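Chains, contacts and geometry: an overview
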Amino acid sequence: MSSNILAEGVLEALSLLISMDSYVLDIIAVSLQVSGTALVLAALIGIPLGAFLGLTNFPGKALVTALLYTGMGFPPVVIGLFVFILLSSSGPMGSFGWLFTPYGMIMAQSIISFPLVAGFTMTAVMGVDKNLIQQLKSLGATKAQATLATLKEARLGVLVSIIAGFGAIISEVGAVMLVGGNIEGATRVLTTAIVLETRKGNFGIAIAFGIILLTIAFIVNFTMLRLQNKELRGNE
Amino acid sequence: MNEEFTYKMENISKTYARKTVLQVENLNIKKGEIFCLVGPSGAGKSTLLRLMNFIETTDTGHIRFLGKTYGPSQVPPLNLKREVTTVFQRSALMTTSVWNNVIYPLKIRGKKIDENEMKRIEKILDDLGLLKLKSRRADKLSGGEAQRVALARAIVFRPTVLLLDEPTANLDPANIHIIETIISKYVQEVDSSIVMITHNIFQARRMADRIALLHKGKVIEINSKNEFFENPHEDVTKDFLSGRIIF
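Residues numbered from 1 in each chain as written. Chains lettered and ligands numbered in written order. Predicted model: local features only at pLDDT ≥ 70, side-chain atom pairs only at ≥ 80, totals over all residues.

Side note on the overall build of chain A
To keep things clear, this is the line we draw: Only DSSP runs of H or I reaching four residues or more are called helices, and only runs of E reaching two or more are called strands; each is numbered from the N terminus. Residues with at least 20 other C-beta atoms within 10 Å of their own are called buried, those with 12 or fewer are called exposed, and the rest are partly exposed. The C-beta atoms themselves are positioned from the backbone. Contact between two residues is assigned whenever their backbone-derived C-beta positions fall within 7 Å.
Tallying secondary structure elements over chain A gives 11 helices and 0 strands in all. Going residue by residue from the N terminus, the α and β elements of chain A occur as α-α-α-α-α-α-α-α-α-α-α. For chain A, the residues scored as buried account for 39% of the 236 residues in total. For chain A, restricting intrachain contacts to residue pairs at least 6 apart in sequence, the fraction spanning at least 24 positions comes to 77%.

Right under this line is the structure:
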C-alpha cells in the first residue's frame with residue numbers, strides 16, 4: 001500500500017514537473033524567492049558579524065557567543081511566533097503590513113538563518129592561523145584588508161555556514177506557516193504545501209512536493225560540495 | 001629622511017603580565033647594514049622585532065623610525081608603516097597560488113601590475129627558484145619552498161627595512177644558501193636595513209655587518225662582526241659564543 005503511494009507520488013511529481021503545472025511552479029518560485037532572499041540577508045548580517053566575533057576580543061564576548069549558539073538551535077516555530085507578534089496589527093511593526101506576505105516570511109527565515117551563518121563563520125575565522133593574521137599586518141594590510149584576507153582563508157567554513165543556513169530555512173515549516181499563512185499564489189511554499197496536501201489526503205501531490213523539495217536541497221548542497229572539493233584539491 | 005640610521009631606539013621596554021621581557025637602553029640600526037640579533041631563547045629578540053615592525057608598541061621610551069619619533073602606544077602612519085615588514089620563522093602563506101601570495105603586498109598598496117612589473121616579479125621568483133611554481137598552491141609547497149615564497153613576498157614591494165625572525169630555521173643547506181644570497185643582494189640593491197634574528201652563529205658570521213647579543217631582555221653587547229667574534233668585550237658574550245649560555 002505504502003509503496004503504491006510512494007510510486008504514485010513519484011509519477012505525480014514527474015507529471016507535475018513535465019507538464020510545468022503553474023500551481024507547482026508558483027510554489028517552487030515562492031519557496032526559492034523567500035528562502036533565497038532570506039539567505040542573502042542572513043549572509044549579509046551573519047558573515048560580517050561572525051568575522052567580527054572571530055577576530056576581536058571584547059568584554060561580554062562570551063555572552064554574545066552563547067546567545068549566538070542558542071540562536072543556532074532556536075526552534076523555528078518560536079521565531080515564527082515572535083515575528084507574528086511583531087508584525088500583527090497590534091505589534092510594534094504592525095504598520096508595515098508584512099503579516100501573511102512573503103516579506104514577513106523572509107524576515108522570519110532571516111532570523112532563523114543568520115545565527116547559523118554567523119556561528120559557523122565565527123568558528124571558521126577563529127580557525128585561521130593567527131600567524132597569518134600577524135603576517136598580513138606586517139605586510140602592511142589595513143584592518144579591513146586583513147579581515148577580508150582572513151575571510152578568504154576561512155572560505156570553506158563560510159561556505160558551510162551558508163549551506164547550514166540554507167538547509168535550515170528551505171525545509172522549515174513552522175515559522176512560514178505562522179507568518180505566511182499558506183495563502184495560495186502568495187505565501188504558499190513547498191513545506192506548507194506538503195502539510196496542506198497531506199491533510200487533504202492528497203498523498204501523491206504531497207510526496208511530489210517532498211521530492212521537489214529534496215531535489216532542490218540536493219542540487220544546492222551538491223553544487224556547494226563541488227565548490228568545496230575544488231577548493232580542497234587546489235591546483236596540484 | 002636623509003639620516004644615517006633607519007632606527008634609533010632609546011629606553012624602550014615591553015612588559016607582559018607584569019614581566020618585563022625587553023629593556024633596551026640604546027639601539028641604532030644603520031642604513032644599508034645587515035644587523036644580526038643573537039641570544040638564547042626568551043631573550044626578547046622576537047619582541048624587539050615586533051616593536052620595530054610596529055605590530056606592538058613600546059611601554060616606555062621611544063623609537064625614531066625613518067626620521068620620525070614614536071613613543072608608547074604610538075605607531076607611524078600607514079605609508080611609513082608599510083616601509084617595514086617581517087619574514088617570520090613560520091612562512092604563514094595564504095591558501096592560494098604562489099603568485100597571488102607574492103603580489104599580495106602590491107595589491108593592498110593599490111599597485112597596478114603591468115608588463116614591466118610582471119617581469120620584475122618573475123625575476124624575483126626566478127632568483128629564488130620559484131618561477132616554475134608560481135601557479136602552484138602555496139599550501140602544497142615544501143618548507144623550504146614556502147619560506148622562499150615568504151621572502152619573495154616581503155621583498156617584492158622593496159621595503160626600506162626587512163626584519164627576519166629566524167628565516168632559515170629548520171631549512172636544509174641548499175635553501176639556506178638561496179635565502180642568504182638573496183638577502184645579501186637585496187640589501188645592496190635597495191639600500192635597505194636588514195635586522196635578522198638567528199640562532200645560528202655561523203650564519204651571523206656569514207651575513208652580519210654588526211651583531212647584538214640579547215640576554216634576559218637586555219642588550220649585552222653590540223659590535224662589528226669581527227670584533228664580536230674575535231674580541232668580545234663582555235663575559236656574557238664570551239659565555240654565549242662558547243656555548244655556556246643556552247637558555
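From this point on, the discussion continues.
Points about the interface of chain A and chain B
With 17 residues of chain A in contact, the opposing surface of chain B contributes 21 residues. When contributions to the side of chain A that touches chain B are tallied by element, the ones reaching two or more residues are helix H6 (130-138) and helix H7 (143-153) of chain A.

Here's the deal with the sheet that holds strand S5 (residues 68-70) of chain B
Residue and element names in this part refer to chain B. The test is simple: The rule for pairing is simple: two strands pair if DSSP sees at least two bridges between them. Axis geometry follows a simple rule: fit a line to the C-alpha atoms, using only the stretch in contact for helices, then measure angles between N-to-C directions, giving values from 0 to 180 degrees.
Pairing within the open sheet is antiparallel, and its 4 strands lie in the order S2-S1-S4-S5. Here the strands that pair on one side only, and so sit at the sheet edges, are strand S2 (19-30) and S5. Taken pair by pair, the neighbouring strands of this sheet meet at an average axis angle of 20°, ignoring direction. Relative to S5, strand S4 (residues 60-65) runs antiparallel, the two sharing 3 bridges. Bridging across to S5, Ile-63 finds its partner in Tyr-70.

Structural notes on the packing of helix H4 (residues 76-87) of chain A against helix H5 (residues 102-126) of chain A
Residues and elements named next belong to chain A. What counts is decided by this rule: Note on terminology: angles under 35 degrees are roughly parallel, angles over 145 are roughly antiparallel, angles of 65 to 115 are roughly perpendicular, and the others are oblique. For a crossing to be left-handed, the near helix must be turned anticlockwise from the far one by less than a right angle; the clockwise case is right-handed. Amino acids are sorted into nonpolar (Ala, Val, Leu, Ile, Met, Phe, Trp, Tyr, Cys and Pro), charged (Asp, Glu, Lys and Arg) and polar (every other residue, Gly among them).
Here H4 crosses H5 at 135°, and the two axes come no closer than 9 Å. With respect to each other, H4 and H5 are oriented oblique. Read as a crossing pair, H4 and H5 show a hand that is right-handed. For the pair H4 and H5, the contacting residues are Pro-76, Ile-79, Gly-80, Val-83 and Leu-87 in the first and Gly-104, Met-107, Ala-108, Ile-111 and Ile-112 in the second. Its residues assigned to classes, the contact of H4 with H5 comprises 8 nonpolar, 2 polar and no charged.

Here's the deal with the pairing of strand S9 (residues 210-215) of chain B
All names here are of chain B. Of all the 6 residues making up S9, 5 are buried; the element is thus mostly covered by neighbouring parts of the structure. In the sheet, strand S3 (residues 34-38) pairs with S9 via 4 bridges, with the strands oriented parallel. Counted as the bridge partner of Cys-36 is Ile-211 from S9. With 6 bridges connecting them, S9 and strand S10 (residues 218-224) associate as antiparallel partners. If you follow His-215 over to S10, its bridge partner there is Lys-218. From the end of S9 to the start of S10, which pair antiparallel, there are 2 residues, and Lys-216 there has a positive phi angle of about 50°.

Description of the environment of Val128(A)
Residues and elements named next belong to chain A. Examined against the element boundaries, Val-128 turns out to sit in the loop between H5 and H6. Among the residues examined, Val-128 registers 20 C-beta atoms within 10 Å and is labelled buried. When near neighbours in sequence (up to four residues on either side) are disregarded, Val-128 contacts Ile-133, Thr-150, Glu-153 and Ala-154.

Considerations on the sheet that holds S10(B)
Residues and elements named next belong to chain B. Spatial ordering of the open sheet is given by S6-S7-S8-S3-S9-S10, a layout of 6 strands whose pairing is mixed. Edge positions in the open sheet fall to strand S6 (84-87) and S10, since each of these has one partner strand only. Recorded for the sheet is a direction-independent mean angle of 20° between the axes of neighbouring strands. In terms of strand pairing, strand S7 (residues 161-165) meets strand S8 (residues 193-197) through 5 bridges, oriented parallel. Pairing of Leu-162 across the sheet is with Ile-194, part of S8. Strands S3, S6, S7, S8 and S9 of the sheet are contacted by helix H1 (residues 45-52), whose axis makes an angle of about 150° with S8.

Read these as layout, nothing more, since geometry by itself doesn't imply function.
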